[in-house]
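Below are the chains, spelled out letter by letter.
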Amino acid sequence: MLSTMMHTPLTLSHLLERAGTLFPKSEIVTRMPDKSIHRYTYADFYRRARALAEALQRAGLQPGDRVATLSWNTYAHLEAYFGIPVAGGVLHTLNLRLHPTDIAYIINHAEDRFLIVDDVLLKLYEAIKGHINVEKVIVVPLSGQPVPAGLTSYEDFLATATGDFSYPDLPEDAPLGMCYTSGTTGHPKGVVYSHRSTILHSLGSALPDVLNLAQRDVLTPVVPMFHVMAWGLPFTGVMVGCKLAMPGPHLDAVNLLDLYESEQVTKTAGVPTIWMGVLQALQKEPTRWKLLPMEMVVGGSAAPEAMIRAFDAFNLTVLHAWGMTEMSPLGTVSRVKGNLADEDADTAYARRASQGISVPLVDVRAMNENGAVPWDGTTMGELEVRGPWVAASYFKLESERDKWSADGWFRTGDVVTIDAEGYVKITDRTKDLIKSGGEWISSLDLENALMGHPAVREAAVIAVAHPRWDERPLAAIVLKEGMSVSAEELRDFLAPKVAKFWLPDAIVFVEEIPRTSTGKFLKSQLRDKFKEWSWE
Ligand code: ADP
């Protein structure tokens, strides 16, 4: 028997049409490079995204051609997010924080044909232009400076459209966009999302028990649109039709808090480093900003429990989520299930600080040498995932096939426990694990516990070779301004919280923890720095 249902393709043109017809009055607000506010509506966005699609086609864009963007979170970038894919092109967002050599490598590897660049980033373009071969460079005039000769102004480019645009017939498996992982080890690896994977990811993300995004929300994606598609939020936000408040290049705490207040933001998303800054600003001037109750999605690195608790005091709710470039990126979200509502407050915080349960359509399992580990909350294994928005391969990179299991699951490289309720807790990345005397020590648990100390701003724990135990943990600590604490006091603080053999033998105080381009601790650099550590 066959089903009797229609098979309409899941493509982005549907979301754009919906946005233009149902939500023309929803606003899109952008903080511009000069800090002024640019404000327009979905009606403008709809018209301009379609104009971009038409202009690209007139310029010769063929289905599957890559169009790169080098841009902040702005209305123009949002136009590219929709205009490129609905024309059949592939939106390739470039991470502007990478070294120019890496950006050039990525552009060449992806074979980008067009490049859209913010005028405030032209210096970066100058640094790469000798090493790339794109056909046309389109400059978004955000600062009011004239566009350099030889390059095309984005506004002039849009003006080549006549309004006579019809969507090409795209199959739902057509490529929509691509991102490269930040490549802390080896060359960056490219992942190509499809229209279908993006639509399903958007539907999944918006669900009440996932990010709970609704038309009435006001959404500020702080996570850059050049990092894993801002976690898909531009697509999810436009799908539900909510107002968007884009921070542009201004990601510091005061500018963000000003934007949250003036635009009445209810939902925002970013990495823990950003929220650390916001928390400090709030603690310094607790009454300065009148904010609505806001949900702050945190991912990319572990959200320390102390941070979740501290934001609660301001009526700001941290929602911890886990994901990866290879997963579009959403994998798990940590909300407390209804049947667990009676647990005591400490247990509830521990749950919220875990990475949470898998979102619909994503399967998770954790594997060790004996196969799938039991969901007992203590046995560690490598997290593997499967689902319609999980990558099945990398772009032009056969050598990485062992990232997928024989039965087709993606190996995340994250080491986790899963408890009986399905809550996943990341204990480490495989490459960061500390193995002491044959036992595993979780660097993330130690960091989380250390960051609970009132004098500690940041803590990163790494493995250092040890003559007797193989490896022992070393904790690098950044203190809060004007605070002090000794190594001994920190060990006493940790003692009741972790197994005795976990206690870091070495605790060093540093000015800052090195970070990757996406704000994660760069542990390889710390390991290099401390590799000659003397344990005497
Ligand atoms: P890269 O792998 O290049 O750093 P991603 O941004 O795709 O780029 O990073 C995915 C990784 O980030 C995950 O595998 C995990 O190690 C880490 N990560 C993401 N979210 C969380 C989280 N909530 N808690 C802990 N680690 C996280």
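Residues numbered from 1 in each chain as written. Predicted model: local features only at pLDDT ≥ 70, side-chain atom pairs only at ≥ 80, totals over all residues. Heavy atoms only, no water.

(A) Region of interest: the pairing of strand β14 (residues 316-323). Across the eight residues that make up β14, a large majority, six, are buried. Where strand β13 (residues 294-298) meets β14, five bridges bridge the pair, whose relative direction is parallel. By the bridge assignment, Met 296 is partnered in β14 with Val 318. Of the pairings in the sheet, the one linking β14 to strand β15 (residues 330-334) comprises four bridges and is antiparallel in character. Following the sheet pairing, Ala 321 is matched in β15 by Val 333. The antiparallel pairing of β14 with β15 creates a hairpin that spans six residues between the two strands, and Ser 328 there sits at a positive phi of about 75°. (Buried < 20%, exposed > 50% of the residue type's maximum accessible area, 1.4 Å probe, protein only. Helix = DSSP H or I, 4+ residues; strand = E, 2+ residues; numbered from the N terminus. Pairing = 2+ DSSP bridges.)

(B) Here's a closer look at the layout of surface pockets. Of the voids in this model, the second largest pocket is the one considered here, and its volume is about 700 Å³. Forming the walls of the second largest pocket are 30 residues, and the residues nearest its centre are Glu 305, Ala 350, Lys 425, Asp 445 and Asn 448. For the lining of the second largest pocket, the residue count by class is 14 nonpolar, seven polar and nine charged. (1 Å grid on protein atoms, 1.4 Å probe; cavity = no way out; pocket = protein on both sides within 12 Å on 5 of 7 lines; lining within 4 Å. Points joined across faces, edges and corners; volume = space filled by probe spheres on them. Nonpolar A, V, L, I, M, F, W, Y, C, P; charged D, E, K, R; others polar.)

(C) Quick peek at the sheet that holds strand β9 (residues 190-194). The strand order β7-β6-β5-β3-β4-β8-β9 describes an open sheet built from seven strands, whose pairing is mixed. Both outer strands of the open sheet, β7 (152-153) and β9, are each paired with one neighbouring strand and no more. Strand direction decides the pairing type here: strand β6 (residues 136-140) and β7, joined by two bridges, are parallel. Across the sheet, residue Ile 138 finds its bridge partner in β7, namely Thr 152.

(D) Local environment of the state of the cysteines. The full count for this structure, using the stated rule, is zero disulfides. Looking at the unpaired Cys 179, the closest cysteine sulfur is the one in Cys 242, lying at 20 Å. Given a relative accessible area of 0%, Cys 242 falls into the buried group. (Disulfide = S-S within 2.5 Å.)

(E) Structural context of the environment of Ile 28. By the element assignment, Ile 28 lies in strand β1 (residues 27-31). Under the relative-accessibility criterion, Ile 28 is labelled buried at 0%. Note: C-alpha distance between Ile 28 and Ala 245 (217 residues apart in sequence) is 6.0 Å. Filtering out sequence-adjacent residues up to four positions away, Ile 28 remains in contact with His 38, Arg 39, Tyr 40, Tyr 42, Phe 45, Tyr 75, Leu 78 and Leu 244. (Contact = heavy atoms within 4.5 Å.)

(F) Main features of unusual backbone geometry. Residue Pro 329 follows Ser 328 across a cis peptide bond; omega there is 10°. The topology assignment puts Pro 329 in the loop between β14 and β15. At Met 229, a position not held by glycine, the phi torsion is positive, near 50°. With respect to the helices, strands and loops of the structure, Met 229 is situated in helix α8 (residues 228-231).

(G) Focus on the pattern of salt bridges. Enumeration over the complete set of coordinates arrives at 34 salt bridges. The closest approach of N and O atoms between Glu 263 and Arg 39, which form a salt bridge, is 2.8 Å. You can see Glu 263 sitting in helix α10 (residues 253-263) and its partner Arg 39 sitting in strand β2 (residues 37-41), a full 224 residues away along the chain. The class of Glu 263 is buried, set by a relative accessible area of 4%. (Salt bridge = Lys/Arg side-chain N within 4 Å of Asp/Glu carboxyl O.)

(H) The arrangement of empty space enclosed by the protein in detail. Applying the stated rule across the entire model yields two cavities of 30 Å³ or more. Of the volumes computed, that of the largest cavity is approximately 130 Å³. Taken together, 15 residues form the lining of the largest cavity, with Asn 95, Tyr 180, Thr 181, Phe 226 and His 227 sitting closest to its centre. Only β4 (90-93) and β8 (175-180) provide two or more residues apiece to the lining of the largest cavity. For the lining of the largest cavity, a count of residues per class yields seven nonpolar, eight polar and no charged. Here the second largest cavity is characterised by a volume of approximately 70 Å³. Taken together, Leu 176, Tyr 193, Thr 198, His 201, Ser 202, Met 229, Gly 232, Phe 235 and Ser 328 form the lining of the second largest cavity. Looking at which element gives the most residues to the lining of the second largest cavity, the answer is helix α7 (residues 195-206), with three residues. Classifying every residue of the lining of the second largest cavity gives four nonpolar, five polar and no charged.

(I) Representation of the sheet that holds β2 within the structure. With respect to topology, nine strands assemble into an open sheet ordered β2-β1-β11-β10-β12-β13-β14-β15-β16, the strand pairing being mixed. Of all strands in the sheet, those bounded by a partner on one side alone are β2 and β16 (357-358). As paired elements, strand β12 (residues 267-270) and β13 share four bridges and run parallel to each other. Note that in β13 the partner of Lys 267 across the bridge is Glu 295.

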